[in-house]
Amino acid sequence: MKTISIENDVIVYYGKRVGKVIDGQAVVDPKFEGNELNEFFNKQSNIHGINWKEGMFDQLASDSKDNCERQALKNCRVWQLHPDADIRMKFFGYDEVCRRFGPPDPANYQQVYDGAVEKNNLETLYTKFNNDHPLGYAGHSLSVSDVLELYDEFGSTFYFVDHRGFKQVDFEPTEQSIMQGPSMQF
């Protein structure tokens, strides 16, 4: 189990919903302030500040799970390494890829899916793209070194599929590479 993660803009700390990411800022209950969270936020490229706000934990705890599920769904793109990409990049975890080749480079990837999904939970998407490929999916089963993109009209968030879980990454494909991939809307 990951100790700290961000799931659908909710900050989860040891299984507890302690804050949200709002407009690039982490809004977190100060009950949980400490070095571990600060270090985590410093490593997140999409977070540009922390606002310690009393009552966030209680607010999130009182939100029903149904409310979280009713949040606007984002669309999903799946990016996989080009067939001609260096074979040594394929199926390696994030740390190993960065050590050998630098951070994931969109130029090495191709889009193999673009469409609507029923949920934005990363683990659920991982299962979906392994066991029940949606119509229009043109890649292999989702695996380590692939990149999931969740996007809406406000922007995109990218997640590298790691050995255990996902690593949020900077990954900005060109408009041309987005337009060339398969697209399927439901």
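Look up: the structure comes first, before these words.
Described below are features of the structure shown in this document.

The rules behind these values
- Residues numbered from 1 in each chain as written.
- Predicted model: local features only at pLDDT ≥ 70, side-chain atom pairs only at ≥ 80, totals over all residues.
- Heavy atoms only, no water.
- Buried < 20%, exposed > 50% of the residue type's maximum accessible area, 1.4 Å probe, protein only.
- Helix = DSSP H or I, 4+ residues; strand = E, 2+ residues; numbered from the N terminus.
- Pairing = 2+ DSSP bridges.
- Arc of directions from axis to C-beta.
- Contact = heavy atoms within 4.5 Å.
- Polar contact = N/O pair within 3.5 Å; in protein donor to acceptor, adjacent residues only side chain to side chain.
- Lys, Arg positive; Asp, Glu negative; His and termini not counted.
- Salt bridge = Lys/Arg side-chain N within 4 Å of Asp/Glu carboxyl O.
- Axes fitted to C-alpha atoms, helices over the stretch in contact; angles between N-to-C directions.

### So, the pairing of strand 8 (residues 147-152)
Phase 1 of the analysis: Across the six residues that make up strand 8, a large majority, five, are buried.
Phase 2 of the analysis: Inspection of the sheet shows strand 6 (residues 75-81) paired to strand 8 by five bridges, in the antiparallel sense. Each residue of the ladder has a partner; that of Asn75, found in strand 8, is Tyr151.
Phase 3 of the analysis: As defined by bridge partners, strand 8 adjoins strand 9 (residues 155-161) across six bridges and the pair is classed as antiparallel.

### Considering the pairing of strand 9
Phase 1 of the analysis: Counting buried positions along strand 9 yields five of seven residues, so the element is predominantly enclosed.
Phase 2 of the analysis: Where strand 8 hands over to strand 9, the hairpin turn is made up of two residues, counted between the paired strands.
Phase 3 of the analysis: Joining the antiparallel neighbours strand 9 and strand 10 (residues 166-169) is a turn of four residues, in which Gly165 adopts a positive phi near 85°.

### Section: helix 5 (residues 122-131)
Every α-helix winds through 3.6 residues per turn, so residues three or four apart in the chain are directed the same way.
Phase 1 of the analysis: Among all positions in helix 5, only Leu122, Leu125, Lys128 and Phe129 are buried. Across the axial projection of helix 5, the buried residues extend over an arc of 115°, all falling on one side.
Phase 2 of the analysis: Each element contacted by the buried residues of helix 5 is listed here: strand 6, strand 7 (109-115), strand 8, strand 9 and strand 10.
Phase 3 of the analysis: Capping of helix 5 at its N-terminal end is provided by Asn121; its side-chain oxygen lies 3.0 Å from the backbone amide nitrogen of Glu123.

### Topic: the environment of Ser145
Phase 1 of the analysis: Residue position: Ser145 is located in the loop between helix 5 and strand 8.
Phase 2 of the analysis: On the basis of relative accessibility, which here comes to 2%, the residue Ser145 falls in the buried class.
Phase 3 of the analysis: Spatially, the C-alpha atom of Ser145 lies 5.8 Å from that of Phe92, the residues being 53 residues apart in sequence.
Phase 4 of the analysis: A polar contact of 3.1 Å, which involves the side chain of Ser145, links it to the backbone nitrogen of Phe91.

### Some remarks on the side chain of Lys74
Phase 1 of the analysis: Looking at the element boundaries, Lys74 is found in the loop between helix 3 (65-69) and strand 6.
Phase 2 of the analysis: Buried and unpaired, Lys74 has Asp9 as its nearest opposite-charge partner, separated by 4.0 Å.
Phase 3 of the analysis: Not counting the four nearest positions on each side in its chain, Lys74 is found in contact with Asp9, Val117, Asn120, Leu150, Tyr151, Asp152 and Thr157.

### Considering the sheet that holds strand 4 (residues 25-28)
Phase 1 of the analysis: Spatially, five strands are ordered 1-2-3-4-5 in an open sheet, and the strand pairing comes out mixed. Each edge of the sheet is formed by a strand with only one pairing partner; in this case those strands are strand 1 (4-7) and strand 5 (50-52). Averaged over all pairs of adjacent strands, the angle between strand axes in this sheet comes to 25°, irrespective of strand direction.
Phase 2 of the analysis: Pairing between strand 2 (residues 10-13) and strand 3 (residues 16-22): four bridges, direction antiparallel. Paired with Val12 across the strands is Arg17, a residue of strand 3.
Phase 3 of the analysis: Packing against the sheet, helix 1 (residues 35-43) makes contact with strand 1, strand 2, strand 4 and strand 5, and its axis sits at approximately 50° to strand 1.

### As for the environment of Val12
Phase 1 of the analysis: Examined against the element boundaries, Val12 turns out to sit in strand 2.
Phase 2 of the analysis: Among the residues examined, Val12 registers a relative accessible area of 13% and is labelled buried.
Phase 3 of the analysis: Filtering out sequence-adjacent residues up to four positions away, Val12 remains in contact with Thr3, Ile4, Ser5 and Glu7.

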